[in-house]
Structures are given as structure tokens and as C-alpha cells.
Amino acid sequence: MKRLLTIVFSFFLLFNLAAQENYKTLSKEDSVKIYLGGEVYEVKNYLEKSKVQKPKNVILMIGDGMGVSQIHAGLTANKGNLFLNNFKKAGFSTTSSSNNYITDSAAGGTALSTGVKTYNGAIGVNPDTISVKTILEMAEEKGMATGLASTSSITHATPASFIAHQPSRNMYEEIAGDFLKTDIDVFIGGGYKHFTERKDGRNLADELRQKGYTVLQDLEAISKVKKGKLAGLTAPEHNGRVNERGNLLPVATETAINILKKDKDGFFLMVEGSQIDWAGHQNNTIYIIEEMLDFDKSIGKALKFAAKNKETLLVVTADHETGGMGINGGDIEKGIVKAGYTTGGHTGLMVPVFAFGPGAENFTGIMDNTDIAKKIMKLLGL
Ligand SMILES: [Zn+2]
């Protein structure tokens, strides 16, 4: 019996070694599906000690296309540690839109920004294309400071859903125009050309300056802004991948918080890790992990502030899952992840919700994406 076990075990070991060997000679198609480990960053522990029952500030962080597999891939790649591990309250959100079992980012973003289900493609409007007020606009009306940050163009579906009202997500120039109709304090992302190279000939960068905004394109310069109104447009359209854009999102998160926290009435900030979704569409595990870890580092910046401030609710969720990603193998000590995919599109899966700070206990169990918006509105008294 013992001998048999030894033989079985040896086979198992050989098989495992062979499997790991395979990682080194990957086919072209598989080469982006397997992550062979990379740089690991340190994750700090933050204690959740709320000073108040209801939050004064809310930071909503949306990992576009971020399902449980995307998070687990990031967790494995960083050898078991993520800033997300600090969250003690978690739940799940259902994501379908008003006209489709599987949502797109526009309807998903609008559900999270307004608490209203709408059709795929809709930006801040209901199924009858009527404008619906967003959390950001309600917060503004209440005198709170507001902000948006993303790694895509700032006019792209998710950030647009918080500030614009258009029947279609593709109306980038109209969406850029909607930024001027609000009093948003800080926005950082790509999309410069939607503000400056327009069919209507308007130069919205100049109009923003006339409204008192500092308009900048250089991240280093953006990071030095400590007060006032800031429009940081870091790319003509979307920002590049992490190797090109660097630590844009963690820096944008920190910069936005540092400006917004000066408002005595509190603030609402939405931060999006946009490209977890694009990587999922490509079924590219390496790209997914890069984006997941960049988003987690941004969560780390928000956590650092929330843990110290004690009056800030931090909610991290996704609009939908992308890729039907599964984890088929890996090694947490080596940071290796082997993933598989069921689709090049979005899926109808529930997505995780994490919450930290005053009011976090409201975000446990299974909820709908519209509930997340409603809970935040209620907690902020909007
Ligand atoms: Zn999305």
C-alpha cells in the first residue's frame, strides 16, 4: 500500500513538474493566458475604526469587468496579499440591465450612479432616455466636493455615467460638453481631444480655464495640485497600459482625495480601473493582472486616507465581469496564474462588493447594482 502511494505520489509530482515546464514553452495563444509571476508589492494593514455612524465622504471604486477570478488572479500574482484583504465587509451585486441579461458598462455605470436600471448604451438616462440625477450631481447640490478618475478616457462609459446624460455612450463630444454643465471639482483621465478637437469648434479646455479650472496634461504637474478645480486630461483618448501610463491611477486617486478633502461638507469621488475590462475582452491574463494590481494599489491609496480619516466610506465593486474568466491552475508561492475564458464579451455573473468605514455593514449579502447607489445616497443623506 505504502509503495503504491509512493508511486502515485511520484506520478503526481512528475505530472506537476511537467505542467510547470510547459509554462516555459507556451504556444502563442496560451502565452498571454498564463502569468508566470512578476514584481510583488507590499500591502499594509489598515484598521477600520469609524468615528461616526454615517460617512461624511464616499469613495466608490469600480473595477470595470472585475469578477472574483480577476481578483483571485491578482491575489495569486501578488503572492496572497492585496489591499482588498483589508476589507471585512463584503457581498455580491447582480448586474443585468433593463433590456439585457448581460449589461454593458454604460447601463452598469448608470445603475451604480443613479440607482436606476436602464438599457445598454445609456449614459445617465432612464429607459425612456430621460435624464436621471446621479450621486455626483446630488452631492454637488448638497455642497459637497466631487471628483472622477479613470484610466480610460474620462468621457468613456463608466465615468460618463456619473456626470453626463446622453442616449448613447458613443457621444463622446456631447459627454465632454456635459462636464461644463456641472461644478465637478476634480477629474483626471484621458480624453483631451473630446474637449478640444470638436465638430462644434468649441475648445472646452479654454472654457474650463474660464470657469476657474487648472487644465493639465502632465501627470507630474497634476500630482502637484493641492487645491482649487482641476481638469487632468492625461491622453488624447484612452491612457495606455501600465507600462506606458505608469502609476497614473494611484497618483490620480491620491491627488483627487488631497484636493477634495478640503471641503468641510465632505466629498464624493468615483475611481475606475477601466482596463481590467479591456484585458478581459482580450482574454489576456497578463494584462488582467497588471490592471488588477494597479487598481488594488489605487485602493491602497484610498484605504490609507479612509483609515486615518475615519469618516469616509470606501466601496469597491464592478459593473460586470468580463471574459467568463476561470482560474485553471497556478502557484501562490511563485505568483503563477493559469486562466481560461468562456467568452470575449461580458458575462451575467454576480460581481463582488467590498466596503470599509462607516456604513460598510450595509453592503453585505446579495444586492442589486441599483441598491449600491441607493445605499450610498441614503448614507450621505442625498
Ligand atoms: Zn464595464
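Residues numbered from 1 in each chain as written. Predicted model: local features only at pLDDT ≥ 70, side-chain atom pairs only at ≥ 80, totals over all residues. Heavy atoms only, no water.

J.: Describe in detail the overall build of the protein, supporting the description with residues and values.
T.: The number of helices and strands found in the protein is 14 helices and 15 strands. In terms of overall dimensions, the protein is globule-like: its C-alpha atoms have a radius of gyration of 21 Å, near the 21 Å expected for 382 residues. The principal-axis extent of the C-alpha atoms belonging to the protein is close to 80 × 50 × 45 Å. Once local pairs closer than 6 in sequence are excluded, the contacts in the protein between residues at least 24 apart make up 74%. Taken as a whole, the protein presents about 16100 Å² of accessible surface, with 53% of it coming from carbon and sulfur. Averaging the positions of the 43 positive and the 42 negative side-chain charges in the protein gives two centres separated by 7 Å. (Helix = DSSP H or I, 4+ residues; strand = E, 2+ residues; numbered from the N terminus. Rg over C-alpha atoms; globule rule 2.2 N^0.38 Å. Contact = heavy atoms within 4.5 Å. Areas by Shrake-Rupley, 256 points an atom, 1.4 Å probe, with all protein chains shown as cover. Lys, Arg positive; Asp, Glu negative; His and termini not counted. Charge placed at Lys NZ, Arg CZ, Asp CG, Glu CD.)

J.: Residue-level account of the sheet that holds strand β7 (residues 229-233), with values.
T.: Taken in spatial order, the 10 strands line up as β6-β7-β5-β4-β8-β2-β9-β14-β3-β15 in an open sheet, and their pairing is mixed. Of all the strands in the sheet, the pair left with one neighbour each is β6 (213-216) and β15 (365-368). Within the sheet, the average angular offset between the axes of one strand and its neighbour, ignoring direction, is 15 degrees. The sheet contact formed by strand β2 (residues 57-63) and strand β9 (residues 312-317) spans 6 bridges and is parallel. Across the sheet, the residue bridging to M61 is V316, located in β9. (Pairing = 2+ DSSP bridges. Axes fitted to C-alpha atoms, helices over the stretch in contact; angles between N-to-C directions.)

J.: Would you mind going over the environment of G273 in detail, with residue names and values included?
T.: Residue position: G273 is located in strand β8 (residues 267-273). Once residues within four sequence positions are removed from consideration, G273 is found in contact with I62, G63, D64, T151, L249 and F295.

J.: Can you lay out a nonpolar patch on the surface for me, pointing to particular residues and giving the numbers?
T.: Together, V68, F92, M350 and I366 give the surface a local cluster of nonpolar side chains, amounting to about 370 Å² of exposed area. Looking at the secondary structure, you find F92 in strand β3 (residues 89-94). (Patch = residues over 30% accessible without salt bridge, like charges linked within 9 Å, V, L, I, M, F, W, Y side chains within 5 Å. Salt bridge = Lys/Arg side-chain N within 4 Å of Asp/Glu carboxyl O.)

J.: Account for the packing of aromatic side chains, naming residues and giving values.
T.: Within the structure shown, the criterion is met by 9 aromatic pairs. Centre to centre, the rings of F179 and F195 are 5.7 Å apart; their planes meet at 70 degrees, and the pair counts as edge-to-face. Placement of F179 in helix α6 (residues 172-179) and of F195 in helix α7 (residues 192-196) is noted, with a sequence separation of 16 residues between them. Residue F179 is classed as buried on the basis of its relative accessible area, which comes to 0%. On the accessibility criterion, F195 (0% relative accessible area) is buried. Of the aromatic side chains, those joined through ring pairs into one cluster are F179, F187, F195 and Y213. Over the ring of Y287 we find R241, and its NZ or CZ is 4.0 Å from the ring centre. (Phe/Tyr/Trp six-rings, centres within 6.5 Å; stacked < 30°, edge-to-face > 60°. Buried < 20%, exposed > 50% of the residue type's maximum accessible area, 1.4 Å probe, protein only. Lys NZ or Arg CZ within 6 Å of the ring centre and 35° of its normal.)

Treat this as a map of the structure, not an account of what it does.
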